[in-house]
Amino acid sequence: MRVVVVGAGMVGHRFADDLARFAPHAEVDLVGAEPHAPYNRVLLTELLAGRVEPGALTLPRPGAPVRVWAGAEALHVDRERRVVATAERTFTYDHLVLATGARARRLRVDGLDPMPRGAHVLRSLHDARAVDAATEHARRAVVVGSGPLGLEAACALAHRGVPVTLVSASATVLARDLDPVAGGVVGRSLRGLGLDVREAAVLEAVETVDGRVAGVRLDSGTVEADLLLLACGSEPETRLARAAGLVVDGGVVVDADLATDDPRVSAIGDCARTPGGTSGLVGPGWQQATALARRLAGASPAPASVVGGAAMRLKAVGLDVVTEGVRGSVAEPDDRVLAVHDPSAGRHVEVVVRGDELAGFTCVGDGDLAAHLSTQVARPGVLPPDPLQLLLGTSGAAPTTSGSPTTMPAATTVCRCNGVTKGDLVDAWEDGCTSVSALADRTRATTGCGGCRRLVQGVAQWLEQVDPPASQPDPGARERSVPAT
Ligand SMILES: Cc1cc2nc3c(=O)[nH]c(=O)nc-3n(C[C@H](O)[C@H](O)[C@H](O)COP(=O)(O)OP(=O)(O)OC[C@H]3O[C@@H](n4cnc5c(N)ncnc54)[C@H](O)[C@@H]3O)c2cc1C
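Residues numbered from 1 in each chain as written. Predicted model: local features only at pLDDT ≥ 70, side-chain atom pairs only at ≥ 80, totals over all residues. Heavy atoms only, no water.

A. Geometry of the nonpolar core. Ranked by internal contacts, the top residues of the largest apolar core, which has 67 residues, are F15, L19, V84, L96, L98 and I268. For this core, the domains that each give at least three residues are domain 1 (2–102 + 235–297) and domain 4 (413–481). (Core = buried A, V, L, I, M, F, W, Y, C linked by side-chain atoms within 4.5 Å. Buried < 20%, exposed > 50% of the residue type's maximum accessible area, 1.4 Å probe, protein only. Domains from an automatic or database assignment.)

Next up, the structure:
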């Protein structure tokens, strides 16, 4: 079987790697437009903040049958002849997988057509390097967009010492992910970090001098700046699919098996529109990649393809924000909504309890509590007698211990990007992966957004105690500590 994958981003790479495992005899060509090896795009804001080295982004080389073609943009697909053409060569396929991802959405305001020097988006390593270089001499940056990407980028620039104005079209930041009360706390925390936050602001024009950004004009006045970062969302990259005559409607349209209207062509990741919608997150894209690799390899049953769940974890320097599941504003009448609102300490914690389970939470300003709460969501029967204790987490007077590595059920998901459970980590440990990095290599936990690192470290520390690497395993101890699920 000859498989061509167009797009060597996070999802195309995962698909090729998985197919190499499931179908070692397949011939796989991974064709990517970017001029470097596949890398972890999610960590670009961490790179900008100087918290990771560029080399740490590179994804592991896929297994042997995969040939990786970097700097190779697919220009044309001939579905009759089953050929993909780049400028340099052609690739023949039995099955074609489109993983062309998404691109940054451009704003239509005066001064941005063409993009002046000093104006940037942040989607690729190339973009991140350009912003990084501009940061060296920037006197002030304006970041337009107050979603997760805008906040992460704004905090990264501020962390680098650049004065930042954050322009938010909505009345509070992170408006799609947080209720206004929680968003208000985040806005206040951003100001505490030294950012100039303009909420409910309308960007009227970008001002330029000699083709270079000189500032922005808002409805409330002008802000002088020499660095402009547009973080206004992304849109599926569908140009190749459309030109090939495939059905495109807000993404390459696929069915539940990730097949397009041509049975020899599939689409996965940010470019695909599944029956559940488009994803925009790496976790669902990776699940699609694995599901499709299994299906093409004839392995079954293939897990259902999914789109994103309601979860958001910000990776911003100096700011902890995590939200998962149901928010207070959309709670049902019988739900219990409990909250601690402590804006001057930069804290807001809210839990939504439905029946005997935690239906969702929002946690601003307390990373440890957020890590604890994320192990509790949608687990019937683990709530403390009074859900008020959930707000106190592990530092409260009467903490629940159900989120600790010792008592978490084996089925608890630890790494959401990769769908890794505590049980998977325990199995890997028993197989000799007795460090966080070995656990990551084996299970892929921590290799997505990295937000689960604390939990994985906690599980590793616990295993170190109950099953030290050098000693004989004590299955009794394990059985006592890991309830079967
Ligand atoms: C800065 C940043 C931070 C993010 N943080 C998070 C996060 O914390 N959590 C999360 O879940 N998600 C996050 N995301 C989103 C996440 O990165 C995407 O969901 C994920 O990368 C999607 O993977 P993909 O392979 O579908 O698309 P992409 O990663 O966009 O890769 C698509 C690749 O296809 C290539 N391509 C396109 N057209 C062609 C062609 N014609 N020929 C050859 N190659 C082509 C592109 O150059 C690109 O390399 C973040 C995104 C960014 C930009």
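B. How the structure looks around the environment of A267. With respect to the helices and strands, A267 occurs in strand 19 (residues 265–267). Taking the C-alpha atoms as reference points, A267 and L98, 169 residues apart in sequence, are found 4.5 Å from one another. (Helix = DSSP H or I, 4+ residues; strand = E, 2+ residues; numbered from the N terminus.)

C. Highlighting the site of the ligand. Lining the immediate surroundings of the ligand are 31 residues, of which E34, R41, A74, R123 and K315 lie closest. Between the ligand and the protein, one listed contact pairs an oxygen atom with a backbone N or O atom of D270 at 2.9 Å. Within the contact set of the ligand, an oxygen atom lies 3.4 Å away from a backbone nitrogen or oxygen of L281. Bound to the protein, the ligand loses 89% of the 1,000 Å² it would expose on its own. Looking at the shell around the ligand, the element that brings in the most residues is helix 1 (residues 10–22), giving 3 residues. Taken together, the residues of the shell around the ligand break down into 16 nonpolar, 8 polar and 7 charged. (Near = heavy atom within 4 Å. Polar contact = N/O pair within 3.5 Å; in protein donor to acceptor, adjacent residues only side chain to side chain. Areas by Shrake-Rupley, 256 points an atom, 1.4 Å probe, with all protein chains shown as cover. Nonpolar A, V, L, I, M, F, W, Y, C, P; charged D, E, K, R; others polar.)

D. Focus on the domain arrangement of the chain. As assigned here, the chain comprises domain 1 (2–102 + 235–297), domain 2 (119–232), domain 3 (320–392) and domain 4 (413–481). The centre of domain 3, based on its C-alpha atoms, is set 26 Å off from the matching centre of domain 4.

E. The sheet that holds strand 16 (residues 227–230), seen in detail. Read across the open sheet, the 5 strands follow the order 9-16-10-11-12; overall the sheet is parallel. Edge positions in the open sheet fall to strand 9 (119–121) and strand 12 (196–198), since each of these has one partner strand only. Neighbour to neighbour, the strand axes of the sheet diverge by 20° on average, direction disregarded. Relative to strand 11 (residues 164–167), strand 10 (residues 141–144) runs parallel, the two sharing 4 bridges. By the bridge assignment for strand 11, V142 is matched with T165. (Pairing = 2+ DSSP bridges. Axes fitted to C-alpha atoms, helices over the stretch in contact; angles between N-to-C directions.)

F. Representation of the packing of helix 1 against helix 7 (residues 282–296). Following both chains from N to C, one finds helix 1 and helix 7 inclined at 30°, their axes separated by 8 Å at the closest point. Regarding the angle of helix 1 to helix 7, the classification is roughly parallel. Between helix 1 and helix 7 lies a crossing whose hand is right-handed. In contact with M10, V11, R14, F15, D18, L19 and F22 of helix 1, helix 7 contributes V282, G285, W286, A289, T290, L292, A293, R294 and L296. (Parallel < 35°, antiparallel > 145°, perpendicular 65-115°, else oblique. Left-handed = near helix turned anticlockwise from the far one by under 90°. Contact = heavy atoms within 4.5 Å.)

G. Region of interest: the pairing of strand 25 (residues 357–364). The buried fraction of strand 25 amounts to 7 of the 8 residues, a majority that puts the element mostly inside the structure. Here strand 22 (residues 321–325) runs beside strand 25; their pairing, made up of 5 bridges, is antiparallel. What sits directly across from G325, in strand 25, is G360. Relative to strand 25, strand 24 (residues 347–354) is paired through 7 bridges, and the arrangement is antiparallel. Considered in strand 25, the bridge of V349 is made with C363. Counting the residues in the hairpin turn of strand 24 and strand 25 gives 2 residues, including G355, whose phi is positive at 60°.

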